[in-house]
Amino acid sequence: MQCPKCRGSMRTYERNGVHIEQCDNCRGIFLDYGELETLTRMESQYHAAPPPAPGPGPAWGAPHHGGGHYGHRRGQRSWVGMLFST
């Protein structure tokens, strides 16, 4: 398959059931019909998911050593980051 922009060779990646073509030369990303909508829906579902419930808190009077914020999702990335992570 050739890149429609620069005529370089294309490589196909499959992420979460979506096939993504990327050019080895210009690094352009090309999607088939409906794939962008699928990716944006998946990203919305990911960000809308409730954070994990915090475990039992410290005993009464014990110092809190958590350091983090409840409800903060560590390592949040956009769908592009999720697509090309290994």
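A. Broad picture of the side chain of E21. Looking at where E21 falls in the secondary structure, it is placed in strand β2 (residues 18-23). At 12 Å, R11 is the nearest oppositely charged side chain to E21, a buried residue that forms no salt bridge. Ignoring anything within four residues of it in the chain, the contact list for E21 reads M1, M10, R11, T12, G28, I29, F30 and D32.

B. Examining the pairing of β2 more closely. Within β2, five of the six residues are buried, leaving the element largely enclosed by the surrounding structure. Bridging between strand β1 (residues 10-15) and β2 involves six bridges; their strand directions are antiparallel. In the sheet register, M10 faces β2, and the bridge partner there is C23. Here β2 pairs with strand β3 (residues 29-31) via three bridges, running antiparallel. Across the sheet, residue E21 finds its bridge partner in β3, namely F30. Remark: five residues form the turn of the hairpin made by β2 and β3, two consecutive strands paired antiparallel; R27 in that turn has positive phi of roughly 65 degrees.

What counts as what
- Note that residues are indexed from 1 along each chain, following the sequence as it is written.
- Per-residue local features are limited, in this predicted model, to residues with pLDDT of at least 70; the limit for side-chain atom pairs, both in listing and counting, is 80 or more; totals at the level of whole chains, interfaces and linings are taken over all residues.
- Derived side-chain values reflect all non-hydrogen atoms in the structure, with water molecules and hydrogen atoms excluded from consideration.
- Runs of H or I in DSSP of at least four residues are treated as helices and runs of E of at least two as strands, each being numbered from the N terminus.
- Only protein chains enter the accessibility calculation, which uses a 1.4 Å probe; a residue is then buried when its area is under 20% of its type maximum, exposed when over 50%, and partly exposed in between.
- Charge counting follows a simple rule: Lys and Arg are positive, Asp and Glu are negative, and His as well as the terminal groups are ignored.
- Salt-bridge detection follows one rule: a side-chain nitrogen of Lys or Arg within 4 Å of a carboxyl oxygen of Asp or Glu.
- Contact between two residues is taken to exist if any of their heavy atoms lie within 4.5 Å; hydrogens are not considered.
- Between any two strands, pairing holds if DSSP finds at least two bridges.

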